[in-house]
Protein chains: 4
Amino acid sequence: MARVRSEEKRLAILAAATGIIVEAGLPATRTAAIAKAAGVAEGTLFVYFKTKDELVNQLYLSIKQELAAVMITTADNSLSMEAKFRHYWCKYVCWGVENHSKKLAMDQLMVSAALLPEVKEQANVPFAEVANYVAGCIEAGLLKSLPVDYVLGVFAAMAEMTINYVLQQKVAVEEYQQTGFDLLWDAVAKR
Amino acid sequence: MARVRSEEKRLAILAAATGIIVEAGLPATRTAAIAKAAGVAEGTLFVYFKTKDELVNQLYLSIKQELAAVMITTADNSLSMEAKFRHYWCKYVCWGVENHSKKLAMDQLMVSAALLPEVKEQANVPFAEVANYVAGCIEAGLLKSLPVDYVLGVFAAMAEMTINYVLQQKVAVEEYQQTGFDLLWDAVAKR
Amino acid sequence: MARVRSEEKRLAILAAATGIIVEAGLPATRTAAIAKAAGVAEGTLFVYFKTKDELVNQLYLSIKQELAAVMITTADNSLSMEAKFRHYWCKYVCWGVENHSKKLAMDQLMVSAALLPEVKEQANVPFAEVANYVAGCIEAGLLKSLPVDYVLGVFAAMAEMTINYVLQQKVAVEEYQQTGFDLLWDAVAKR
Amino acid sequence: MARVRSEEKRLAILAAATGIIVEAGLPATRTAAIAKAAGVAEGTLFVYFKTKDELVNQLYLSIKQELAAVMITTADNSLSMEAKFRHYWCKYVCWGVENHSKKLAMDQLMVSAALLPEVKEQANVPFAEVANYVAGCIEAGLLKSLPVDYVLGVFAAMAEMTINYVLQQKVAVEEYQQTGFDLLWDAVAKR
DNA sequence: CATGAATGAGACTTCATTCAT
DNA sequence: CATGAATGAAGTCTCATTCAT
């Protein structure tokens, strides 16, 4: 990390980057445009992020961490297994719908060659709790006997798809959050 | 008469582009590199595609059309409804696993700002038959009462996810083709 | 000169070049555009003119020769000295107004680095008669004692300027042909 | 504070462009060559001029403004009408002879398709005073009753021609400055 | 000879990054 | 640290010319 002076500026740059990536796509996102949108000089951006690639990686991390926080820190341990599953699902979908830009920026970042594999891994660390929880559900016979990663994949794929559907069709999030969960549950729950 | 434009060269360029996009990512894919890999001069690329963006759009179209052809032209009309659903699924997943490069290139193309909305739409035309079929299944009470687009979304999301899983985990496609379909069917079939 | 087959095609190319040079300017005039406008294939242009530069030089020559022909071959030897001077002037101005495109193309060609000095000289040969005539007028005391080239320069400058004025102001050529000649005569005639 | 944009560099670029345009012609003038001759990096040229075309237009403007300044700011209001006319003439011709490069560059710029009509117009604004003065001379009966624009056209055509003659024949400017003015005066003055 | 696909040098311009102020 | 002018490598695309058909 570069010499950091103002966390506020760092966040402004990340936020500006998010917006421009969504509007223009990552390859067409110029550091100059990010700087301008963040209200800092072109050179200042490089005080906070050594390179554009570092900015991309940091942005990825920050968004993933935010999502993890939303899903996990709000989880109530007193919930039943299915209720917790539903909790994770709802938080994911709602976050995506409410943070449209961050979600779309993620879509860009995930296919970027600039994204380092180690950062990708690091970004998954906060989700370990979800993975553990799913593993528990499988062990408990609540979910089908499948690899944890596959179940997580189904979970994420359905969530992403549902977010996209809600945003594109401009339907109410509540309805498809419910419907989507029903499909997901039917898919993965042991009968 | 002068030399005639060769479809062979056009395809060589598209194939070369696919490979390089997968290796380097779309933004880092240089027209010079594509031309060289296709075995033509740099200028020749622009004889076949006016701009790099047009090449990108044509590549998107060609891959989508190939997938549609694989799914649809092989479908047997004598199949039962569920069997046809399974047929579509298997063809999709197998095509993705066998055409790893094209699948990964698509992932890049789909988030590209160069991809024109009209081309995106055009690429969906050949899939109309699948959509009609799904609508029929819903009407027949075989599938849950959901919007056709949502079911198609679930179908595609699960298929893409399964392809990725097979490729990343290097497991046998047959197993997850089967497993994946079971999940999908449990998710969307009316009980 | 290249292998010539059809004089008709050669002239079509020169005519097409004239038009496009006027519309787009010489640097923006593409050989492909000339060929298309002339109704021949791109390669055919190079059968008639080895290079674009040769085409430019030939075009310059052909226009200058046409102007010379118009001025000189129509001159009546029975005319008085002043009348002949006026004849040359009128023919020049009228030709320019009636052959707007050729005149404007000349303006482009004359400042082109592609125009060879030897061709420039060669283009002046047909005008020798005018120069001789002017020399005679000076010797005869009709015109001021000035270098022939300077008088010719004044003649050409005034003619070009008058042509431009008529074309830009869209006034009648007859009026300024007359007015212009009066100015020219007052300028160069010995009082 | 960062480095400040230097007028010096801007002028160096314009001067370098002038020289290369004269040597090579406008179409063969490369931005890389201009930058090198100006002693700046290739990219720097585009800090001062967004495009090559803008550079061309700015150069045209700057030369025209310099000529206007030379002609007008040195004019003495106590001069008689004819003397002022002579003053304008002499300044024009001398400027052209002394600033050979700028004069030749202008010849290239004037026929360039890159030159915007609005810039052409803007370049004429500083010459309004000359036009007004000529109008006054006509009204006062000193000059023939002709449109102001036509008289200005004759003036410019004769001046340009005289400059060219002096430069090509390598004769003394003083002589033809005088001779030229006499011709011009005989041409436009009322007898 | 006529055609137009093929060529590749080279043009203009962009943009991440540096560094003088 | 903040600024934004300066940099120059590198990218896309053009176009005069060649040459297979």
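All values reported here derive from a predicted model rather than from experimental measurement.

Criteria and cut-off values
Residues numbered from 1 in each chain as written. Chains lettered and ligands numbered in written order. Predicted model: local features only at pLDDT ≥ 70, side-chain atom pairs only at ≥ 80, totals over all residues. Heavy atoms only, no water. Helix = DSSP H or I, 4+ residues; strand = E, 2+ residues; numbered from the N terminus. Buried < 20%, exposed > 50% of the residue type's maximum accessible area, 1.4 Å probe, protein only. Contact = heavy atoms within 4.5 Å. Areas by Shrake-Rupley, 256 points an atom, 1.4 Å probe, with all protein chains shown as cover. Least-squares fit on C-alpha atoms with pLDDT ≥ 70 in both. Domains from an automatic or database assignment. Buried area = accessible area lost by both parts, 1.4 Å probe. Salt bridge = Lys/Arg side-chain N within 4 Å of Asp/Glu carboxyl O. Polar contact = N/O pair within 3.5 Å; in protein donor to acceptor, adjacent residues only side chain to side chain. UniProt positions renumbered as here; feature names shortened; annotations may be inferred. Nonpolar A, V, L, I, M, F, W, Y, C, P; charged D, E, K, R; others polar. Axes fitted to C-alpha atoms, helices over the stretch in contact; angles between N-to-C directions. Parallel < 35°, antiparallel > 145°, perpendicular 65-115°, else oblique. Left-handed = near helix turned anticlockwise from the far one by under 90°. Expected span 1.5 Å × (residues − 1).

1. Observations regarding the overall build of chain A
When its secondary structure is counted, chain A shows ten helices and zero strands. Secondary structure elements in chain A, listed N-terminal to C-terminal, are α-α-α-α-α-α-α-α-α-α. On the principal axes, the C-alpha backbone points of chain A span a range of 60 × 35 × 30 Å. Put simply, chain A has 191 residues, and 49% of those count as buried. In chain A, the proportion of contacts linking residues at least 24 apart, taken out of those at least 6 apart, comes to 72%. Surface summary for chain A: the accessible area is close to 9100 Å², and the carbon and sulfur share equals 53%.

2. Topic: the relation of the copies chain D and chain C
Structural alignment of chain D on chain C gives an RMSD of 0.1 Å, achieved by rotating through 180 degrees and translating 0.1 Å along the axis. Put plainly, the chains are arranged around a two-fold axis. Every residue of chain D has its C-alpha some distance from the rotation axis, and the shortest such distance is that of Ala187 of chain D, at 2.2 Å. Both copies share a contact surface, since 100% of the interface residues of chain D are interface residues in chain C too.

3. Focus: the domain arrangement of chain A
Residues and elements named next belong to chain A. Partitioning chain A into structural domains gives domain 1 (1-50) and domain 2 (52-188). Computed over C-alpha atoms, the centres of domain 1 and domain 2 are 26 Å apart. Here domain 1 and domain 2 share an interface that buries about 1400 Å² over both sides, 74% of which is from carbon and sulfur atoms. Sorting the residues of domain 1 by area buried against domain 2 places Thr18, Val22 and Leu26 first, and these three jointly supply 36% of that buried surface. Inspection of the region where domain 1 meets domain 2 yields zero salt bridges. Across the contact surface, domain 1 and domain 2 share two residue pairs in polar contact (both at pLDDT 80 or more).

4. Considerations on the UniProt feature "domain: HTH tetR-type" (unreviewed entry) in chain A
As recorded in UniProt, the feature "domain: HTH tetR-type" (unreviewed entry) lies at residues 7-67 of chain A. With 80% helix and 0% strand, the stretch residues 7-67 of chain A has end C-alpha atoms that lie 20 Å from each other.

5. So, the interface of chain B and chain A
The partner chain A presents 28 residues to the 28 residues of chain B that form the contact. The contact between chain B and chain A buries some 2400 Å² in all, and 68% of this surface belongs to carbon and sulfur atoms. There are four salt bridges connecting chain B and chain A. Of the charged contacts, one joins Asp186 of chain A and Lys144 of chain B as a salt bridge, the two residues approaching to 2.5 Å between their closest N and O atoms. Contributions of two or more residues to the side of chain B that touches chain A are made by helix 6 (100-110), helix 9 (148-169) and helix 10 (173-188) of chain B. The element that contributes the greatest number of residues to the side of chain B that touches chain A is helix 9 of chain B, accounting for ten residues. When grouped by side-chain class, the residues that make up the side of chain B that touches chain A number 16 nonpolar, six polar and six charged.

6. Digging into the pattern of salt bridges
Residues and elements named next belong to chain C. All told, the structure shown has 26 salt bridges over all chains when counted by the stated rule. Its salt-bridge partner being Glu66, residue Lys102 comes within 2.7 Å of it at the nearest N-O pair. Of this pair, Lys102 sits in helix 6 (residues 100-110) while Glu66 sits in helix 4 (residues 52-72), placing them 36 residues apart in sequence. Among the residues examined, Lys102 registers a relative accessible area of 25% and is labelled partly exposed.

7. Focus on the packing of helix 9 (residues 148-169) of chain D against helix 10 (residues 173-188) of chain D
All names here are of chain D. Across the interface, helix 9 lies against helix 10 with an axial gap of 10 Å and an inter-helix angle of 155 degrees. In terms of their interaxial angle, helix 9 and helix 10 are classed as roughly antiparallel. Relative to helix 10, the crossing made by helix 9 is right-handed. Between helix 9 and helix 10, the residues in contact are Val151, Val154, Phe155, Met158, Thr162, Tyr165 and Val166 and Val173, Tyr176, Gly180, Leu183, Leu184 and Val188, respectively. Here the contact of helix 9 with helix 10 is composed, by residue class, of eleven nonpolar, two polar and no charged.

8. Focus on helix 10 (residues 173-188) of chain C
With 16 residues, helix 10 of chain C should cover 22 Å at 1.5 Å per step; its first-to-last C-alpha distance of 22 Å lies within 8% of that length. Taking burial as the measure, the 16 residues of helix 10 of chain C include twelve buried ones, the bulk of the element.

9. What to know about the interface of chain D and chain C
Contact with chain D, which involves 28 residues of that partner, is made by 28 residues of chain C. Buried surface at the junction of chain D and chain C, both sides included, amounts to about 2400 Å², of which 68% is carbon and sulfur. By the criterion of area lost to chain C, the three top residues of chain D are Val111, Tyr150 and Leu183 of chain D, representing 27% of everything that side buries. At the boundary of chain D with chain C, the tally comes to four salt bridges. Here chain D and chain C share eight residue pairs in polar contact (both at pLDDT 80 or more) between them. If you list the elements that add at least two residues to the side of chain D that touches chain C, you get helix 6 (100-110), helix 9 and helix 10 of chain D. Looking at the side of chain D that touches chain C, the element that brings in the most residues is helix 9 of chain D, giving ten residues. Looking at the side of chain D that touches chain C residue by residue, the classes come out as 16 nonpolar, six polar and six charged.

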